[in-house]
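Listed below are the residues making up each chain.
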Amino acid sequence: MTCVTGDTHGNQVLWDACIAPFMKTGDMIIVAGDFGLGFFDGKYWPEEMFFDYLAAQNYTTVFCDGNHEDFEKISGYAISEWNGGKVHRIRENVIHLMRGEIFEIDGKSLFVMGGGYSIDKDFRVQGKNWWAEEMPNNMEYERASRNLALCGYKVDYILTHTAPANTVEYMSRMNMGIKNTVIEESPLTGFLQWVEEKTEYKKWFFGHFHIDRELWKNQIAVLDAIRDLETGEILKMRMPSVY
């Protein structure tokens, strides 16, 4: 089984109580950004101890980055190849999917583009709990464009943290409590809009907005739902958490 969930924000207690008991040998869980690597270190127990705990499990944890990650710490991990794309391997079975890469999972292709903008940036400290690298750079946009072109703009699934610009607009108009497009995030949401218009895909999963909702254009916002990657079906609801 391969499943997708939303922002976990480094919440080890949530993971141990609500995610780990659900996972079986050989399963894979994908987090749609805000995994919280380095961001909430020590909130529950030391982060490296948490990674050791995940490493001892018989399933695989993979994630794209969101805007609540320590990007300096992520970049300190060696880059390697995994399932056809580039990753940072935190542990053998704990893997950060790099931006703009395409991976093969269960015989299907998954395009990944992490990143997002922190609307609470002014209340955070650069290098401590905010990093400019939360938004993609030109090289990452170019890598994503090149890899999509190489696959003929056709993938099975897309995993991002934020959403295409028109989906953000759609959510803002649908009484979901979503603010209309944050101007500072528009380079990324605009790029994802281009990806949507250019690329054929079956399902698109994203986090960031703290809602669980099946939307239009086969796009699904995830938070506490654990969904099947292939069908989008809800397999389990995590216990709601205060982040």
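Up top you'll find the structure we're talking about.
What comes next concerns the included structure. All figures in this text were calculated on a predicted structure; none of them were measured in a lab.

1. Here's the deal with the environment of Y170
Alright, step 1. Position of Y170 among the secondary structure elements: in helix α5 (residues 165-173).
Alright, step 2. Residue classification places Y170 among the partly exposed residues on the basis of a relative accessible area of 22%.
Alright, step 3. Look past the residues within four positions of Y170 in its chain and what remains in contact with it is M176, L215 and W216.

2. Section: the pattern of salt bridges
Once their charged atoms are close, side chains differing in charge can pair, the charge on each being opposite to the other.
Alright, step 1. Per the counting criterion, the structure on display carries 15 salt bridges.
Alright, step 2. Here R173 and E169 are joined by a salt bridge, their closest N and O atoms 2.3 Å apart. One end of the pair, R173, and the other, E169, are both in helix α5, 4 residues apart, so they sit about a helical turn from each other.
Alright, step 3. On the basis of relative accessibility, which here comes to 22%, the residue E169 falls in the partly exposed class.
Alright, step 4. With a closest N to O distance of 3.2 Å, R238 and D224 form a salt bridge. Of this pair, R238 sits in the segment after β14 (234-237) while D224 sits in the loop between β12 (219-221) and β13 (225-228), and the two are 14 residues apart along the sequence. For the pair formed by R238 and D224, the shared burial category is buried.
Alright, step 5. Because the salt bridges share partners, they merge into one network encompassing E47, E48, D52, K73 and R91.

3. Here we look at the sheet that holds strand β10 (residues 203-206)
The strands that make up a sheet pair up through hydrogen bonds in the backbone, lying either parallel or antiparallel.
Alright, step 1. Strand order in the open sheet formed by 6 strands is β7-β8-β9-β10-β12-β11, with mixed pairing between adjacent strands. Each having just a single partner strand, β7 (102-105) and β11 (213-214) make up the two edges of the open sheet.
Alright, step 2. Examined bridge by bridge, strand β9 (residues 157-160) and β10 share 4 bridges and lie parallel to one another. From the neighbouring strand, Y157 faces β10, where its bridge partner is K203.

4. Quick look at the sheet that holds strand β1 (residues 2-5)
Alright, step 1. Strands sit in the order β4-β5-β6-β3-β2-β1-β13-β14 across an open sheet of 8 strands; the sheet is mixed. Each end of this open sheet is capped by a strand with a single partner; those strands are β4 (79-82) and β14. Pairs of neighbouring strands in the sheet enclose a mean axial angle of 30 degrees, with direction left out of account.
Alright, step 2. Both β1 and β13 contribute to a ladder of 2 bridges, which runs antiparallel. Bridge pairing links C3 to D228 in β13.
Alright, step 3. Relative to strand β2 (residues 28-32), helix α1 (residues 12-19) is tilted by about 140 degrees, and along the sheet it contacts β2, β3 (60-64), β13 and β14.
Alright, step 4. Contacting β3, β5 (85-91) and β6 (94-97), helix α2 (residues 47-55) runs over the sheet at an angle of about 110 degrees to β5.

Conventions used here
Residues numbered from 1 in each chain as written. Predicted model: local features only at pLDDT ≥ 70, side-chain atom pairs only at ≥ 80, totals over all residues. Heavy atoms only, no water. Helix = DSSP H or I, 4+ residues; strand = E, 2+ residues; numbered from the N terminus. Buried < 20%, exposed > 50% of the residue type's maximum accessible area, 1.4 Å probe, protein only. Contact = heavy atoms within 4.5 Å. Salt bridge = Lys/Arg side-chain N within 4 Å of Asp/Glu carboxyl O. Pairing = 2+ DSSP bridges. Axes fitted to C-alpha atoms, helices over the stretch in contact; angles between N-to-C directions.

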